[in-house]
Amino acid sequence: MSGESRASLDLTHILYDSSSHVSLGLALITLSPILLMSAYAALAVQTRELLIINMWAGQLACEALNWLLKRAIKQDRPKESIGNGYGFPSSHSQWMGYFASFLMMHLYFRHRFASTGLWVVDRLFRALVYLGLVAWTGSVCYSRRYHLSYHTPPQIIWGLTIGCLLGCGTYFVLELVPSRCPLSIAGNLRRRLLDSGIAKWARLRDGWAAWEDGGREEEWRRWRTQWERNEGRRWKDERVPQRQKSK
């Protein structure tokens, strides 16, 4: 063991100002890419949605491109940084840029939330969702420089820009074109994939091709109907012994 070389796996190793609650919060929020990777895996397995799988695949491709760019450009991190490797472009900023732009495009072009019945409330809720994504992404980018000093501002801005471009481009090619132009090459490829034996075996689906909300409302209604049916049976089963005792 003494002759072996060792390295630190510092995916979650972050130094922050222990006297500042803001610094602690930013240290936690800068871990968002790691948490999102787990979320991708869980959603892909649970929902079998092609959208989630495409988004996840694009996210991994975005990360691979960042790895290549860092080794091609070889720009150092700030002198005060404790991070390892090169700093251009910021991988965290690029990750969040891709995630936020892809998701916002989907929410704008295809997804429809359940209506409250009030137009103003529906619009306000959608605006809050967009604002939340922007604030989340901005917080991660802010944390990489001004409190944790992992990157310079240009490294962060370029990372965010590249991520946004990749997110929009990936959604446009893999989701928007097939849905708006089903007879296009992308549309035909998507239809053939969903109709393939592998997709049927893996239970892959495109919920937004059938429902504006991806089937969330339909799933909830089916659950509610079955739940009320089960509750009704349970209530009857409990009432029968009580009647027998009273007799």
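Refer to the structure printed above.
Keep in mind the model is a prediction, meaning the values are calculated, not measured.

Rules used in this analysis
Residues numbered from 1 in each chain as written. Predicted model: local features only at pLDDT ≥ 70, side-chain atom pairs only at ≥ 80, totals over all residues. Heavy atoms only, no water. Core = buried A, V, L, I, M, F, W, Y, C linked by side-chain atoms within 4.5 Å. Buried < 20%, exposed > 50% of the residue type's maximum accessible area, 1.4 Å probe, protein only. Helix = DSSP H or I, 4+ residues; strand = E, 2+ residues; numbered from the N terminus. Contact = heavy atoms within 4.5 Å. Phe/Tyr/Trp six-rings, centres within 6.5 Å; stacked < 30°, edge-to-face > 60°. Expected span 1.5 Å × (residues − 1). Bend = angle between axes of the 7 residues up to and from the residue. Salt bridge = Lys/Arg side-chain N within 4 Å of Asp/Glu carboxyl O.

Right, let's get into the nonpolar core. With 18 residues, the main nonpolar core has Tyr 40, Met 55, Met 96, Tyr 98, Phe 99, Phe 102 and Tyr 171 as its most contacted residues. Of all the elements in the fold, those that place two or more residues in this core are α2 (32–47), α3 (50–73), α4 (91–109), α5 (119–147) and α6 (153–180). With seven residues, the single largest contributor to this core is α4. Excluding its chain neighbours within four sequence positions, the residues that come into contact with Met 55 are Tyr 40, Tyr 98, Phe 99, Phe 102 and Leu 103.

Time to look at unusual backbone geometry. One non-glycine residue, Lys 74, lies in the positive phi region at around 55°. Within the secondary structure, Lys 74 sits in the loop between α3 and α4. The exposure class of Lys 74 is exposed, given its relative accessible area of 52%. Phi at Arg 203 takes a positive value of approximately 60°, unusual for a residue other than glycine. Assignment of secondary structure puts Arg 203 in the loop between α8 (197–202) and α9 (216–246). For Arg 203, a relative accessible area of 60% gives the class exposed.

Attention shifts here to the packing of aromatic side chains. The final tally for this structure, using the stated rule, is nine aromatic pairs. By the ring-pair criterion, three or more aromatic residues cluster together here, those being Tyr 98, Phe 102 and Tyr 171.

Before going further, it helps to spend a moment on α6. For α6, with 28 residues, the first-to-last C-alpha span of 38 Å sits near the 40 Å given by 1.5 Å per residue. Bending of α6 peaks at approximately 45° at the position of Phe 172. What α6 keeps buried is the set Gln 155, Ile 156, Gly 159, Ile 162, Gly 163, Gly 167, Thr 170, Tyr 171, Glu 175, Leu 176, Val 177 and Pro 178.

Under the criterion given, the structure shown has 10 salt bridges. The partner of Asp 206 in a salt bridge is Arg 190, with the nearest N and O atoms 3.2 Å apart. Placement of the pair is Asp 206 in the loop between α8 and α9 and Arg 190 in helix α7 (residues 185–194), with a sequence separation of 16 residues. When its relative accessible area of 10% is taken as the criterion, Arg 190 is described as buried. Of the charged contacts in the structure, one is a salt bridge between Lys 200 and Asp 195, with a shortest N-O distance of 3.6 Å.

That's the geometry; what it means functionally is another story.
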